[in-house]
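# Tertiary structure, described
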Amino acid sequence: MKKYYDAAIIGGGIIGCSIAYYLAKENLKVGLFESGELGGKTTSAAAGMLGAHSECDDMNIFYPFARNSQLEYFKLEKEIRELSKIDISLCKGGIYKLAYTEKEKKEMESLCALPTVDWLDANQVISNESTISPLILGAAYIEDDVSVVPEAVCKGLGISASVLGAELHEYTQVYDIQKQESTYLIKTPAGEVEAQYVVVASGLWSNSFFESMGLSNRIVPVKGECLSVWNRGTVLNHTLFHEHQYIVPRMNGSLVIGATMVENDWNERPSLGGIEKLIVHAKKMMPEIGEMEIGSTWAGLRPQTFDKKPFIGRHPEQEGLLFAAGHFRNGILLAPGTGKMISNLILGKEVNKKWREAFKIERRHEVFA
Ligand SMILES: Cc1cc2nc3c(=O)[nH]c(=O)nc-3n(C[C@H](O)[C@H](O)[C@H](O)COP(=O)(O)OP(=O)(O)OC[C@H]3O[C@@H](n4cnc5c(N)ncnc54)[C@H](O)[C@@H]3O)c2cc1C
């Protein structure tokens, strides 16, 4: 007899692991299938900013969903530590979103009107962080836009899910899903399993499943390059953010500098030109960076949809098949929210109608060139 799961999840990045965790918490029998190791693809390349405010360009849909997910992290940190013994290194301190010009300051007016954000002038910022460039006019200070270590969150969620009964199958690629009468057949080189629900959470690599399930949705790569440097001596307590580039302090004393945006590039290795751009921009935020020792360089591929919002929801014609992919720049931030939303959909619990509409897979889509 074939092994049976209530829910089979394809992909063990942060999105798949979060879904496994929230479903296992509800006592479902969960099986997660990952081609490589948990968090080994895009998730491990991320800087780990939880930028619900700093990354927000849509107060109507993105902000409430992202904020909800961000707040969940403050509970998850403890749950993950207790279940998996993994510390997700939630680094408090928040973000300084820097403004160098009056125009940039003005563009932050609606952000600064939020009760969770304060405008600080240059003197206030520099008295807190003496290494920031004196050329700034000021910064939006967002205390709740903290950071985490993405791989730790991903492994922590996966291991926590397994403590709650989920079965994790690493190095097990799913090569086909077949609809049967009331279940799905999931095919892997290690054999076939059956599941009532299947969730495709394979990030950038979800396209083949869209295609085999009769959908024309596409996810395209946006390569991001990063480097880390060792911050010996100088202290940085806040993430610095300017024009989508950032310097994120880690608890081990390193600083993560990221990230470039190269559309439609499948090459997972960083280029010298990309790293050069990052260093130039980082020095503009924190001039001392030029003196620091390089730790490492890397690149990852962000999964981008046509409207930059993820696909989270059911197949339009199949009750048992769900998708959670295409989280682009914010998959770390959105992982708890996505895990909860998929779990609520499967369990028939209430899901915010606006989110359901905004993220549904059958919303109008265009083909990328
Ligand atoms: C440089 C960079 C910086 C970033 N910084 C941030 C940040 O600061 N904050 C933030 O919120 N987000 C950030 N992101 C975005 C974030 O990393 C992604 O949105 C997120 O990791 C997507 O997670 P995922 O689980 O969907 O994808 P992935 O992590 O790619 O996971 C998908 C998994 O599916 C597996 N898989 C694929 N096909 C199959 C198959 N057939 N069978 C089994 N398994 C399969 C893959 O091996 C992979 O492990 C950043 C991204 C990059 C590249």
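Here the structure is a predicted model, which is why all the values come from computation and not from measurement.

Reading the values: rules and limits
- Residues numbered from 1 in each chain as written.
- Predicted model: local features only at pLDDT ≥ 70, side-chain atom pairs only at ≥ 80, totals over all residues.
- Heavy atoms only, no water.
- Helix = DSSP H or I, 4+ residues; strand = E, 2+ residues; numbered from the N terminus.
- Rg over C-alpha atoms; globule rule 2.2 N^0.38 Å.
- Buried < 20%, exposed > 50% of the residue type's maximum accessible area, 1.4 Å probe, protein only.
- Contact = heavy atoms within 4.5 Å.
- Areas by Shrake-Rupley, 256 points an atom, 1.4 Å probe, with all protein chains shown as cover.
- Domains from an automatic or database assignment.
- Buried area = accessible area lost by both parts, 1.4 Å probe.
- Salt bridge = Lys/Arg side-chain N within 4 Å of Asp/Glu carboxyl O.
- Polar contact = N/O pair within 3.5 Å; in protein donor to acceptor, adjacent residues only side chain to side chain.
- Nonpolar A, V, L, I, M, F, W, Y, C, P; charged D, E, K, R; others polar.
- Near = heavy atom within 4 Å.
- Lys, Arg positive; Asp, Glu negative; His and termini not counted.

## So, the overall build of the protein
The secondary structure content of the protein amounts to 11 helices and 17 strands. In terms of C-alpha radius of gyration, the protein reaches 21 Å, essentially the compact-globule figure of 21 Å for 369 residues. In terms of its C-alpha atoms, the protein occupies a principal-axis envelope of roughly 70 × 40 × 35 Å. Every one of the 369 residues in the protein was classed for burial, and the buried ones make up 57%. The long-range share in the protein, meaning contacts at least 24 apart out of those at least 6 apart in sequence, stands at 73%. Element-wise, carbon and sulfur atoms account for 50% of the exposed surface of the protein, whose accessible area totals about 16000 Å².

## Here's the deal with the environment of isoleucine 312
Secondary-structure assignment places isoleucine 312 in strand S16 (residues 311–315). Classification of isoleucine 312 by relative accessible area gives buried; the value is 1%. If we ignore the near neighbours within four places in the chain, the residues touching isoleucine 312 are Phe65, Phe323, Ala324, His327, Thr338, Met341, Ile342, Phe359 and Lys360.

## A few points about the domain arrangement of the protein
Partitioning the protein into domains gives domain 1 (3–86 + 149–219 + 307–359) and domain 2 (95–145 + 220–304). The gap between the C-alpha centroids of domain 1 and domain 2 is 28 Å. Taken together, the contacts link 30 residues of domain 1 with 30 residues of domain 2. Contact between domain 1 and domain 2 buries roughly 2500 Å² in total, counting both sides, with carbon and sulfur atoms accounting for 62%. Between the two partners, domain 1 and domain 2, sit two salt bridges. Here glutamate 268 ties to lysine 41 by a salt bridge, and the two come within 3.2 Å at their closest N and O atoms. Where domain 1 meets domain 2, there are 14 residue pairs in polar contact (both at pLDDT 80 or more). For the side of domain 1 that touches domain 2, the secondary-structure elements that each account for two or more residues are helix H2 (42–45) and helix H3 (62–84). Taken together, the residues of the side of domain 1 that touches domain 2 break down into 15 nonpolar, nine polar and six charged.

## A look at the site of the ligand
Near the ligand lie 39 residues; those nearest to it are Glu34, Thr43, Met49, Arg329 and Leu333. Arginine 329 is positioned with one of its backbone polar atoms (N or O) 2.8 Å from a nitrogen atom of the ligand. For the ligand, whose unbound accessible area comes to 1000 Å², protein coverage reaches 97%. Elements that contribute at least two residues to the shell around the ligand include exactly helix H1 (14–25), H2, strand S10 (220–230), strand S15 (293–304) and helix H10 (331–347).

## Notes on the pattern of salt bridges
In this structure the tally under the stated criterion is 21 salt bridges. We note a salt bridge from glutamate 72 to lysine 75, for which the minimum N-O separation is 3.3 Å. Of this pair, glutamate 72 and lysine 75 both sit in helix H3, separated by three residues, roughly a single helical turn. The class of glutamate 72 is buried, set by a relative accessible area of 6%. Members of the salt-bridge network, linked through shared partners, are Lys2, Lys187 and Glu192.

## With respect to the side chain of aspartate 145
Here aspartate 145 shows up in the loop between strand S5 (138–142) and helix H7 (150–163). Buried and unpaired, aspartate 145 has arginine 67 as its nearest opposite-charge partner, separated by 6.0 Å. Once you skip the residues sitting within four places of it in the chain, aspartate 145 turns out to touch Leu50, Gly51, Ala52, His53, Ser54, Gln70, Gly94 and Ile95.

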